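# Coordinate analysis (summary)
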Amino acid sequence: MTQTKAFLASLSPHKKENLRPFRLLLSSNPYEHIHYSWYYQPLQHQPASIQSLFISSLPPTQQKELNKMFKLSSTKNSSFINNFVFHSLLKEIQKPGVLPLPFLPSSELHLLLKIKPNELTHLTDLLGIYDLAAEYKQIIDQSLLKKIESALKEDEYQFLLYVTKQPIKWIPPKLHLPQWNGEKETLRRLIHQRGLARLAKATLKEDPSFQWHLLHRLDTGRAKIIEKSYSQKLDPILIPYFKSQVIDIAKRYKS
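Cut-offs used in this document
- Residues numbered from 1 in each chain as written.
- Predicted model: local features only at pLDDT ≥ 70, side-chain atom pairs only at ≥ 80, totals over all residues.
- Heavy atoms only, no water.
- Buried < 20%, exposed > 50% of the residue type's maximum accessible area, 1.4 Å probe, protein only.
- Helix = DSSP H or I, 4+ residues; strand = E, 2+ residues; numbered from the N terminus.
- Arc of directions from axis to C-beta.
- Contact = heavy atoms within 4.5 Å.
- Core = buried A, V, L, I, M, F, W, Y, C linked by side-chain atoms within 4.5 Å.
- Axes fitted to C-alpha atoms, helices over the stretch in contact; angles between N-to-C directions.
- Parallel < 35°, antiparallel > 145°, perpendicular 65-115°, else oblique.
- Nonpolar A, V, L, I, M, F, W, Y, C, P; charged D, E, K, R; others polar.
- Salt bridge = Lys/Arg side-chain N within 4 Å of Asp/Glu carboxyl O.

## Observations concerning helix H5 (residues 60-70)
Looking at H5, one finds that the buried residues are Gln62, Gln63, Leu66, Asn67 and Phe70. Buried residues along H5 cover an arc of 130 degrees about the axis, so they all sit on one side. The exposed set on the far side of H5, more than 90 degrees from its buried face, consists of Pro60, Thr61, Lys64 and Lys68. Against the buried residues of H5 lie helix H3 (40-43) and helix H4 (48-55).

Structure follows, in structure tokens:
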């Protein structure tokens, strides 16, 4: 038995539970889910040699995307150098006082930090369907309805049918669908932006550290949309309504 195992075996269950966040913090990289786009700005004015050094300290997926952006080849450094460089780079993007994941205050919305990046993007698309549904129910033009339906994926259309049966407690700004140019990507982009706005409403009163970790799982463009939405006025009584929508969708991704 190693010294660590022997030490843990000697602790009471209560003390083991108190140590759990520290063990989680030491056993994994709590920042491995940061979207690579956040590293672009602090790196863009650095010499290629420095860029390569910093990028090599990141997880493989982030390395791959940033090497593409800066047109660099992959390099390897010692684990000591990687660790030092990574934390130096992290200081460039992390606000002072941001708590590591294991120390975040408890919240129902923590499940957003456990789903995959593509699932978070899909969740945002489905959230935007709520805005679409509010206007969809009022449309009588059958040709327009068919165009809308053809722009949606099958699961999005099924979710639209589900949402149209739910009570509406907040009426969103109109999408002006009768004036839509009929291009699928135009509508899909608009739906996604509305989804980001709903995600902002659901997380408006969450702990700032939680907000930081959530936004940094998204690319900087999407994060800016959410941050802008945080500054808009919202009746606090509506926040549980938006949270319930987010939780309802997020539970679909639980394995």
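## Examining helix H9 (residues 154-163)
Within the sequence span of H9, burial applies to Glu156, Phe159, Leu160 and Val163. Down the axis of H9, the smallest arc covering the buried residues is 105 degrees, so these residues share one side. Those residues of H9 that are buried lie in contact with helix H7 (117-136), helix H10 (184-203) and helix H13 (239-250).

## Focus on the environment of serine 107
Its place among the elements puts serine 107 in the loop between helix H6 (79-93) and H7. Taking the C-alpha atoms as reference points, serine 107 and glutamate 206, 99 residues apart in sequence, are found 8.0 Å from one another.

## So, the nonpolar core
Here is a general trend for soluble globular proteins: nonpolar side chains tend to be buried in one another's company. Ranked by size, the top nonpolar core spans 66 residues in total, and within it Leu112, Leu123, Leu132 and Ile148 carry the most contacts. Tallying contributions element by element places H7 first for this core, with 9 residues. When sequence neighbours within four positions are dropped, the list of residues in contact with leucine 123 reads Leu112, Ile115, Leu199, Val246, Ile249, Ala250 and Tyr253.

## Observations regarding the packing of H7 against H10
At their nearest, the axes of H7 and H10 sit 6 Å apart, and the two run at 95 degrees to each other. With respect to their mutual orientation, H7 and H10 come out roughly perpendicular. Between H7, through Thr121, Leu123, Thr124, Asp125, Leu127, Gly128, Ile129, Tyr130, Asp131 and Leu132, and H10, the contact on the second element is made entirely by Arg188, Ile191, His192, Arg194, Gly195, Leu196, Arg198 and Leu199. Of the residues that constitute the contact of H7 with H10, the class distribution is 8 nonpolar, 5 polar and 5 charged.

## Considering the pattern of salt bridges
Scanning all chains against the criterion turns up 5 salt bridges. Between aspartate 219 and arginine 222 there is a salt bridge, with the nearest N and O atoms lying 2.4 Å from each other.

## Quick look at unusual backbone geometry
One non-glycine residue with positive phi stands out, namely lysine 71, at about 55 degrees. Mapped onto the fold, lysine 71 is located in the loop between H5 and H6. Look at histidine 176: it is not a glycine, yet its phi comes out positive at around 55 degrees. Within the element layout of this structure, histidine 176 appears in the loop between H9 and H10.

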